[in-house]
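One-letter residues, chain by chain:
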Amino acid sequence: MKFKILISLILTLAATVFIFDACKKNEGSKPYAPSYLKFTVPAGWPQPPTDIFKDNPLTEEGFQLGRKLFYDGKLSKDGNFPCASCHQQFAAFSTYDHQFSHGFDNAFTFRNAPALFNLAWMKEMHWDGGVNHIEVQPLAPITNITEMVETIDNVLKKLVIDTAYTRMFTAAFGDNTINSQRMLKALSQFMGSIQSFNSKYDQVKRGTASFTVAEQNGYNIFKAKCNSCHAEPLFTDNSFRNNGLTLDAYLQDKGRMRITGNTADSLKFKVPSLRNIRYTPPYMHDGRLLSLQQAIEHYRTGIVVNQSTLDPLLKNRISMTNQEKVDLVEFLSSLSDNDLLQNTRFAQPN
Amino acid sequence: MRFSQKYCLFLLLILFLLSSCQKTINPGNSKGTVKLTFNNKVNGSPMALNTGIYTNPFGETYTITKFKYYISNVRLGLSGVPTIAAETESYHLIDQSVPGSLSFSFEADENSFITLSFLLGVDSTRNVSGAQTGALDPLNDMFWTWNSGYVMVKMEGTSPQSGQPGNVVQYHIGGFSGANNVLKYIGMVFPGGKTVNIKKGQTSEITLEADFNKWWQSPNDIKIAGLPVCTTPGAQAKMVADNYSKMFTITDIVNN
């Protein structure tokens, strides 16, 4: 009798353990255990205005999925226009030497492709600030009729039948659901991780390098005449300003006003970072200034001052001697971060 | 005998453990269900997409090919008492072309409620919080990609009075902040002193009517000839929103 009860007890226990175990498991798949990554704010930098990874925990798997998506032509109508076609690593993720980038069916884009780095500090995307969160940014180029010209629905259909994506979405998010939210969050993990903080300027700030005389002179000029808008250490204050360019008669691009509908915002564009500026010609929202020399010359002599929305700081243009201009170019060149261009983590995956 | 007692205890323990591994237990279980149904109408007739030919108060004729709007932050309220029943994750896209989208249900605590309120549109928080899913998925074609934010109410159609190519009429009404905010909080007391009595395990049904004809008038005159297309946030979108915010009435309440 005792023996029978003991047997029953053991059997019941075994059955319980089995059932209990089965109820924990997720249909035989491997447990979800991503490798969490830490986003590092460089020493001396401000915290990002919002934590872009708060609702999108940064993981190696999410980053790698985002990287694959960034370089994948499937996100475009005909397969030829991945994000990376306009955001080239060798140009600090801008389009090198192109006033406008090329989209589907020989189209020109509406504006000059901005460089992509330190996006975690950027509150608004686009030259006009129309996009309010990094996660929804990719929706614009994917669907734009001059860029990737695809629908989100079609992109997802292409991803769902690709077993590599089934595997990578599962690794990144715990199951094989492929939807727009996950795609966008993965892209955000990749784009938001592209950081640039190892230029010569940064090394000088950290005490591991020193400026040449010309660079130091240029830095002094920068601090006196440029940094009220191109504020260190990001080299932008992320504000929208009219810097005295004329309205292009063909493009009719009024910048920030296109978003706010407010005439006071006419011809205002986002102040771009000056980091990696040597890698990102041509310059301005429509790429109309081909060289760094031309860009500086615009501020010295080219600003059209009779505009109602012209930034008050520019109403007298920016005076500068020829020597100062040369030195300023030297300083701006010290903002080049070769690590950004060479970092294989940001390169096209194999 | 002592052993069988122990065995029973053991079995109870196992049952307890097993039940704790079930995730979907109704806590408290004093909740009932409330079901909301939206009937879209034009001048009192059920809205017929594509086929219905309607006339607005200015004598302009039009058809409707699309009519979609967001209902969010749905709440039931009591008189003078702060207690309310609020739906969690309350975002619904009412789409006239998808019959299943015209009603939805949620759980509410047992009580006799006298008011219904909801937001016509998507609250500003969700307009600035990155990639969303479900009713807020950009796949639903209600999200502006170049000027982040949701289209709160979308109507498309045709009218001979539209000077646009193909005589199209297109209103994508959105804007969630500052002067361009078109969000409308709709609050209604149940008519005729009726109450919605939520009872455990039962479903109360609230039927609403949305009269599209309110779009054109009061307080703002919207003439198709003058505004056949409005697809950006701004003063014109606000004028349309001021009108359509008056389109809802509660037509029926059934307590089961």
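Counting restarts for each chain: residues are numbered from 1 in the order of the written sequence. Chain labels run from A onward and ligand labels from 1 onward, assigned in the order the entries are written. Residue-level local features of this predicted model are given only where pLDDT is at least 70; pairs of side-chain atoms are given and counted only at 80 or more, and the full residue set underlies all totals for whole chains, interfaces and linings. Side-chain numbers here rest on the full set of heavy atoms in the structure, without hydrogens or water.

Student: So what exactly am I meant to see when it comes to the state of the cysteines here?
Tutor: As used in these notes, a disulfide is a covalent bond between sulfur atoms, one from each of two cysteines. Residues and elements named next belong to chain A. A pair of sulfur atoms, both from cysteines and within 2.5 Å, is called a disulfide here. By the definition in use, this model includes zero disulfides over all chains. Free of any disulfide, Cys86 has its nearest cysteine sulfur in Cys83, 9.0 Å distant. Given the relative accessible area of 12%, Cys86 is considered buried. In this model Cys229 remains outside any disulfide bridge; the closest cysteine sulfur is found in Cys226, 8.9 Å from its own. Each residue is placed in one exposure class: buried if its accessible area under a 1.4 Å probe, protein chains only, is under 20% of its type's maximum, exposed if it is over 50%, and partly exposed if it falls in between.

Student: Any chance you could explain helix H7 (residues 180-193) of chain A here in plain terms?
Tutor: Residues that lie three or four places apart on an α-helix share one face, since the helix turns once every 3.6 residues. Residues and elements named next belong to chain A. End to end, H7 covers 20 Å across 14 residues, agreeing with the expected 20 Å (1.5 Å per residue, within 8%). Summarising burial for H7: 14 of the 14 residues are buried, a large majority. By the criterion applied in these results, polar contacts are pairs of N or O atoms within 3.5 Å in which, for protein atoms, one can donate a hydrogen and the other can accept it, and in which residues neighboring in sequence qualify only through two side-chain atoms. A run of H or I in DSSP counts as a helix once it spans at least four residues, and a run of E counts as a strand once it spans at least two, with each numbered from the N terminus. Two or three places before Gln181, at the opening of H7, Asn179 has a side-chain oxygen 3.2 Å from that residue's backbone nitrogen. For a helix, the expected span equals 1.5 Å multiplied by the residue count minus one.

Student: Any chance you could explain the layout of surface pockets here in plain terms?
Tutor: Empty space among the atoms becomes visible once a probe the size of a water molecule is rolled across them. Taken as a whole, the second largest pocket encloses approximately 690 Å³ of empty space. Site definitions follow a grid-based scheme: protein atoms alone, a 1 Å grid, a 1.4 Å probe that fits but cannot get out for cavities, and for pockets an open set with protein on both sides within 12 Å along at least five of seven lines, plus lining residues having an atom within 4 Å of a point. Glu124 and Asn132 of chain A together with Asn127, Val128 and Phe176 of chain B are the residues nearest the centre of the second largest pocket, which is lined by 36 residues in total. Contributing elements (two or more residues each) for the lining of the second largest pocket: helix H10 (257-260) of chain A together with strand E11 (149-158) of chain B. Residue type decides the class: Asp, Glu, Lys and Arg count as charged, Ala, Val, Leu, Ile, Met, Phe, Trp, Tyr, Cys and Pro as nonpolar, and the leftover types, Gly among them, as polar. Partitioned by chemical class, the residues of the lining of the second largest pocket number 13 nonpolar, 15 polar and eight charged. What fixes the domain bounds is an automatic or database domain assignment. In this structure, the lining of the second largest pocket is formed jointly by two domains, domain 1 (60-196) and domain 2 (200-339) of chain A, each of which donates at least three residues. Grid points are joined across faces, edges and corners, and a volume is the space filled by probe spheres set on the points.

Student: What am I meant to see in the packing of helix H2 (residues 60-70) of chain A against helix H6 (residues 163-173) of chain A here?
Tutor: A pair of packed helices is captured by two measures, namely the crossing angle of their axes and the spacing between those axes. Residue and element names in this part refer to chain A. Axes here refer to lines fitted to C-alpha atoms; in helices the fit is confined to the stretch in contact. Angles between the N-to-C directions go from 0 to 180 degrees. Packing of H2 against H6 leaves a shortest axis separation of 8 Å and a crossing angle of 145 degrees. Handedness of the H2/H6 crossing: left-handed. Along its contact with H2, which presents Glu61, Gly62, Gln64, Leu65, Lys68 and Leu69, the element H6 presents Ala164, Tyr165, Met168, Phe169, Ala171, Ala172 and Phe173. For the contact of H2 with H6, the per-class residue count stands at nine nonpolar, two polar and two charged. A clockwise turn of the near helix away from the far one marks a right-handed crossing, whereas an anticlockwise turn of less than a right angle marks a left-handed crossing. Here, two residues are considered to be in contact whenever any of their heavy atoms come within 4.5 Å of each other.

Student: Mind showing me how you'd approach H2 of chain A here?
Tutor: Turning to H2 of chain A, its buried residues number three or more, namely Gly62, Phe63, Leu65, Gly66, Arg67, Leu69 and Phe70 of chain A. Those residues of H2 of chain A that are buried lie in contact with helix H3 (83-86), helix H5 (152-160), H6 and H7 of chain A.

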